[in-house]
Amino acid sequence: MNMAAFPAFSVRILSPVRDGQETFQESDIPTRSRLYPLEPQAMRSLWQESFTSYLNRLGWTHHVSPRAMVRQEIIPRLNKAQELPYQWLGSLSRGYATRINGTGALALEWSHILEQLTLRSDLHLLTFHGWIGNLTSPGHLRANPAWCPLCYEEWREKNLEIYQPLCWFVKAITACPTHHIPLESSCSHCQKTQSVIALQTQPGHCTQCNQWLGISPGEALPQPMQEESMHWQQWALQALEELHAASMTNSLPSWETFFTHLATGILSIVNHGSWGSWKRIERLTGVKPYILTQWLKREWIPSLETILRFCYVCEVTPLQVMRGEISSLAKALQKGASSRPPVPRRTQASVDQDRCLALIHAVLDGSEKPLGLHQLSERLGCSERILLYYFREECALITRQAREHRKRQGEQRLLKIRDEVRQQALSLHAQGIYPSQMKVSNLLSPGLMRSSVAREAWHEALRELGLEPRKK
Ligand SMILES: [Zn+2]
Ligand SMILES: [Zn+2]
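Notes on the structure in this doc start here. These numbers were taken from a predicted model, which means no experiment stands behind them. (Residues numbered from 1 in each chain as written. Chains lettered and ligands numbered in written order. Predicted model: local features only at pLDDT ≥ 70, side-chain atom pairs only at ≥ 80, totals over all residues. Heavy atoms only, no water.)

Quick look at the packing of aromatic side chains
Working step 1: Scanning the entire structure with this criterion turns up 14 aromatic pairs.
Working step 2: Plain terms: the ring middles of Trp47 and Trp155 are 6.2 Å apart, the flat faces sit at 80 degrees to each other, and that makes the pair edge-to-face. Note that Trp47 is positioned in the segment before helix 1 (51-61) and Trp155 in helix 6 (residues 149-157), a separation of 108 residues in sequence.
Working step 3: Relative accessible area serves as the criterion here: at 11%, Trp155 is assigned to the buried category.
Working step 4: Ring plane angle 80 degrees and centroid distance 6.3 Å describe the contact between Trp47 and Trp168, whose orientation is recorded as edge-to-face. (Phe/Tyr/Trp six-rings, centres within 6.5 Å; stacked < 30°, edge-to-face > 60°. Helix = DSSP H or I, 4+ residues; strand = E, 2+ residues; numbered from the N terminus. Buried < 20%, exposed > 50% of the residue type's maximum accessible area, 1.4 Å probe, protein only.)

Here it is in structure tokens:
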């Protein structure tokens, strides 16, 4: 090549000039986020991504296991990080983590941390708190993820992102809004439920056996839902979408107004506490009078599913009740009958696993005081054997936590005894009285001085005062 054929170029590097400033400053570099600010899927729609789905995708975006990312980047930043047992993350990922998608403090804390790490301000909207606001009752969401195999397959065919919409986590939603088939909750290959935070599998694959969770070619299509069930499901989805839309435009009233207006509607038809009226409401809604009065006094906050079922038969949406539009509610309660097809009954498991897990994890994360297995079984009203059968790993953590708690309590008690003995000995000495064992003992709880710890502390106090030679 003849270099002479090309004209000579010279390159001059221009200094950035900003507001009269000639030199480049470090402050000119925009703030960098620690984690990649991945775009959430389907923001502000019924198909909006869930927070835990975002966590999983973010992990894979960084080419690391989502659970490893959580262990390294989130757990150390949690308020109670020091108190959490190492195995807590494994137990959390298998079920309890759906609470990170919920309406409580945990969801707010996790989303706040991830917003700081990604410098995104909208991640709190991926939790149910961003969807339905301050209805802080456990039981809105499933313990394990559910999915629609047809949606997964369609997204894969269209080369779309595979993710878990938040509506799939909502306990009240049991059918796919698009395909009208029941959502699945256990893998058709290994029959296991799915971890909420994946260890090493890609989105759309079973977290236990790594098989594809969509419909595979040649596989039989799932049976569509019955018409009555679908009617209830479509209504529930619309009611949910209505709440979501209000939340996204900051026009969702407080749930306090829901219960206030509900009380107005109920009390308008209950004639001076007439038992017949309460029973009529029970026949219509399936809610017993004593439970309903607990709702009205805010002594018991029902889950969203219970509220939706109640509103469905009363022919009103939760948002309408919040806004005080309760004429159809009062009419349905007065009539004691609904024109809508009946709501399918909930499948009653012999053990309320969600309730058990909610308490177990509240104990493990410190929001409930430590309990031993026996106390736990008494609180839940089921045997220790049942708890061990369903939650073996969690029970092991609970037992260990209770043992460590007892040990800490014992150590604190000993410290307290030592301190009491020392204080009394110093106080006597300050008054010019020789702090004999008898004199100190008289100032303590009866019998305390008989313990070896108290006697040892007494000797230490004498040595501190120079009344006894120090040990060599
Ligand atoms: Zn679907
Ligand atoms: Zn599987």
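Notes on the coordination of the zinc ion (ligand 1)
Six octahedral donors around a metal ideally make angles of 90 or 180 degrees; four tetrahedral donors ideally make 109.5 degrees.
Working step 1: Of the protein atoms, only Cys148 (SG), Cys151 (SG), Cys176 (SG) and His179 (ND1) coordinate the zinc ion (ligand 1), at distances of 2.1 to 2.3 Å.
Working step 2: Because the angles between the four donor atoms bound to the zinc ion (ligand 1) fall within 105 to 113 degrees, the donor set is best described as tetrahedral.
Working step 3: Counting the intervening residues between successive donors of the zinc ion (ligand 1) yields the motif C-x2-C-x24-C-x2-H. In this structure, Cys176 and His179 share a single accessibility class: buried. (Donors = N, O, S within 2.8 Å, 3.2 Å for Na, K, Ca; no water. Tetrahedral: all angles 85-135°; square planar, octahedral: opposite > 155°, others 65-115°.)

Section: the coordination of the zinc ion (ligand 2)
Working step 1: Ligation of the zinc ion (ligand 2) by protein atoms is provided by Cys187 (SG), Cys190 (SG), Cys206 (SG) and Cys209 (SG), these donors lying 2.2 to 2.3 Å from the ion.
Working step 2: For the zinc ion (ligand 2), the four donor atoms in the first shell make angles of 106 to 115 degrees at the metal, so the coordination geometry reads as tetrahedral.
Working step 3: Sequence positions of the residues that donate to the zinc ion (ligand 2) give the spacing C-x2-C-x15-C-x2-C. Separated by 19 residues along the polypeptide, Cys190 in the loop between helix 6 and helix 7 (227-248) and Cys209 in the loop between helix 6 and helix 7 bring together distant segments of the chain.
Working step 4: Residue class for Cys209 comes out partly exposed when judged on its relative accessible area of 27%.

As for the nonpolar core
Working step 1: Judged by nonpolar contacts, the single largest core of 72 residues is most densely connected at Trp168 and Ile266.
Working step 2: The dominant element in this core, judged by the number of residues it contributes, is helix 7, at eight residues.
Working step 3: In this structure Ile266 touches Trp278, Ile281, Leu292, Leu296, Phe310 and Leu333, once residues within four positions along its chain are discounted.
Working step 4: Membership of the second largest hydrophobic core comes to 43 residues, among which are Leu35, Ile74, Leu106 and Leu376. (Core = buried A, V, L, I, M, F, W, Y, C linked by side-chain atoms within 4.5 Å. Contact = heavy atoms within 4.5 Å.)

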